[in-house]
There are 2 protein chains.
Amino acid sequence: MTNQAAVGEPEANGQQLTANGHTPVRLAYLGPPGTFGEEAARRYAPEADLLPFPSHAAVAAAVESGLADLGVVAIENAINGSVAETLDILIHETTLQIQAEVVLPIEHNLVAKPGTRASDVKVIYSHTQALGQCRRFLERCFPKAQMEAALSTAEAVELALRRDGDAAAISTRRAAELYGAEILATGIGDTANNVTRFIVLGRGKPPSSGRDRTSIAFTFAEDRPGSLAGVLNAFAEANINCTKIESRPTKATFGEYVFLIDFEGHQDDPPIRAVLGRVRPLCADLKVFGSYPRF
Amino acid sequence: MTNQAAVGEPEANGQQLTANGHTPVRLAYLGPPGTFGEEAARRYAPEADLLPFPSHAAVAAAVESGLADLGVVAIENAINGSVAETLDILIHETTLQIQAEVVLPIEHNLVAKPGTRASDVKVIYSHTQALGQCRRFLERCFPKAQMEAALSTAEAVELALRRDGDAAAISTRRAAELYGAEILATGIGDTANNVTRFIVLGRGKPPSSGRDRTSIAFTFAEDRPGSLAGVLNAFAEANINCTKIESRPTKATFGEYVFLIDFEGHQDDPPIRAVLGRVRPLCADLKVFGSYPRF
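### Some points on the relation of the copies chain B and chain A
Then step 1. Screw-axis analysis of chain B against chain A gives a translation of 0.0 Å along the axis, an RMSD of 0.0 Å, and a rotation angle of 180°. This pairing of chains is accounted for by a two-fold axis.
Then step 2. A symmetric contact is evident, with 100% of the interface residues of chain B recurring at the interface of chain A.

So, in structure tokens, the structure goes:
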């Protein structure tokens, strides 16, 4: 545990200490380097020590155990919707609080071993989410290519480079740079407005900023008409805008759900305190994931 | 659409032609053979001609174009939640109606080239969803093995068999049989109650059976407190039980959602007709995916 601060420093930066002498924040993210997760982490804290971990659960565990100060995980993509693994970690596995959110534009690139021509490409690697987000481009421009799944867009570049110039990968621009791949095409996603929302997990509770979002999850003791309507009515009557609603299986019984709501305001603001006080008795269980400044 | 009445009769006819001389139903599913999709299709219509297609979108297109009479697609897993691709096809891409649902118990097996010992296994292939559902088993029993993504559990078996006895795959029992792999361990999923719900897509609208479920999707013209509560109140006041609520990004603007509700009853039942009549004016758009017998 002593020397983990060195992990995830691909180009071993010069300054281990910040200007004021504090050690830099250790920021865990879903690696390897070159993923969108790394891009979000760099955007959130450019000076941080970035520590790659192999799964979202490992990122949360790193922060809980003190290996890292904060962790960045993806929670929602504009095309694919919620990241189920992250919601389940928030629901079942961690007491960490959301500290902040980062909204990252997602640009997909087709990259390959330098010298590869598009007409040579027979196999295209990527994370299944990225393959799905570029479906129309792939069908039009590479109708005969074989798609292959990778665990991350960065691993996809590694897999493509291992082959003899007949493969490509869909990845970030940075992964292409890190692994020495050439960019064959850029902006190949099916939607122009593609973004991913990341959250930053940590141990404290940020104070009210005056422009916050709060995320909660709740369950009901029995499945009856109107339970969820009752909760939403409480928010509507308090004129609080719910910005997102989602459901996840409880995993205990098929057909039973945990509901997740994001709404505007901070859990310490008096109107929010009041509505949470009204809602809590309607639920079997209610968990606040955090209140944090809206991006 | 002519011979749809024959579908869903598990113990009907014995061979290629039905008793009355009709050709068997052509049932599209997400291939290759050996996937859970094939198992669901076989369970729904054991006598059908099963046609594998490479994606859920291709299954829907096969039915729309007349290549197949019906198509089976996964819509929800007890652990992973909704299958986003299927929801998006129902929302954006097809006018097919849901004809039926099939709930399939999911059993994961560790399989490998015959003669492989567990201690030889250095690489484990599977679909990322299956890897996720067996996470605890893998961490405990194969802490040092490398996980590799495959496009399906069946492809995972092919990839594992191609290597020199140092690989395994997580797959169905049938995929192991089809590809000649040996089962090393069985029931390796983290949850005992794991099931996947599949829906059957087709062109007709099944009549009311007296014990149906209806699936709808809707959007709101403007994002204001209480819109969703208004819809849920209409169902609650009519004493109609909503069995599931879900949201998906509209893909047009980040933060705008399509809401999906499943509820008990058939769209042609008078009380359901009445509540849909009340709800429709509250929505910018409302689409009925179908009414079908509950499993």
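### Considering the interface of chain B and chain A
Then step 1. The interface is formed by 38 residues belonging to chain B together with 38 residues belonging to chain A.
Then step 2. Secondary structure elements with two or more residues in the side of chain B that touches chain A: helix 3 (84–93), helix 4 (128–133), strand 8 (146–149), helix 8 (227–237) and strand 13 (242–249) of chain B.

### Topic: the domain arrangement of chain A
Then step 1. In terms of domains, chain A is made up of domain 1 (4–104 + 194–202), domain 2 (109–186) and domain 3 (212–293).
Then step 2. For domain 2 of chain A and domain 3 of chain A, the distance between their C-alpha centres works out to 41 Å.

### Side note on the sheet that holds strand 9 (residues 167–171) of chain A
Residues and elements named next belong to chain A.
Then step 1. What the 5 strands build is an open sheet, ordered 8-7-9-6-10; its pairing is mixed. Two strands in the sheet have a free side with no partner beyond their single neighbour: strand 8 (146–149) and strand 10 (182–186). Pairs of neighbouring strands in the sheet enclose a mean axial angle of 30°, with direction left out of account.
Then step 2. Seen against the sheet, helix 6 (residues 153–162) touches strand 6 (109–112), strand 7 (123–126) and strand 9 and runs at an angle of roughly 165° to strand 9.

### As for the sheet that holds strand 10 (residues 182–186) of chain B
Residue and element names in this part refer to chain B.
Then step 1. Spatially, 5 strands are ordered 8-7-9-6-10 in an open sheet, and the strand pairing comes out mixed. The open sheet has two edge strands, strand 8 and strand 10, and neither has a second partner. Neighbour-to-neighbour, the strand axes of this sheet turn through a mean angle of 30°, independent of strand direction.
Then step 2. The pairing of strand 6 (residues 109–112) with strand 10 spans 4 bridges and is antiparallel. Directly across from Asn-109, in strand 10, lies its bridge partner Thr-186.
Then step 3. The sheet contacts of helix 6 (residues 153–162) involve strand 6, strand 7 (123–126) and strand 9 (167–171), and relative to strand 9 the element is tilted by about 165°.

Definitions and cut-offs
- Residues numbered from 1 in each chain as written.
- Chains lettered and ligands numbered in written order.
- Predicted model: local features only at pLDDT ≥ 70, side-chain atom pairs only at ≥ 80, totals over all residues.
- Least-squares fit on C-alpha atoms with pLDDT ≥ 70 in both.
- Contact = placed C-beta atoms within 7 Å.
- Helix = DSSP H or I, 4+ residues; strand = E, 2+ residues; numbered from the N terminus.
- Domains from an automatic or database assignment.
- Pairing = 2+ DSSP bridges.
- Axes fitted to C-alpha atoms, helices over the stretch in contact; angles between N-to-C directions.

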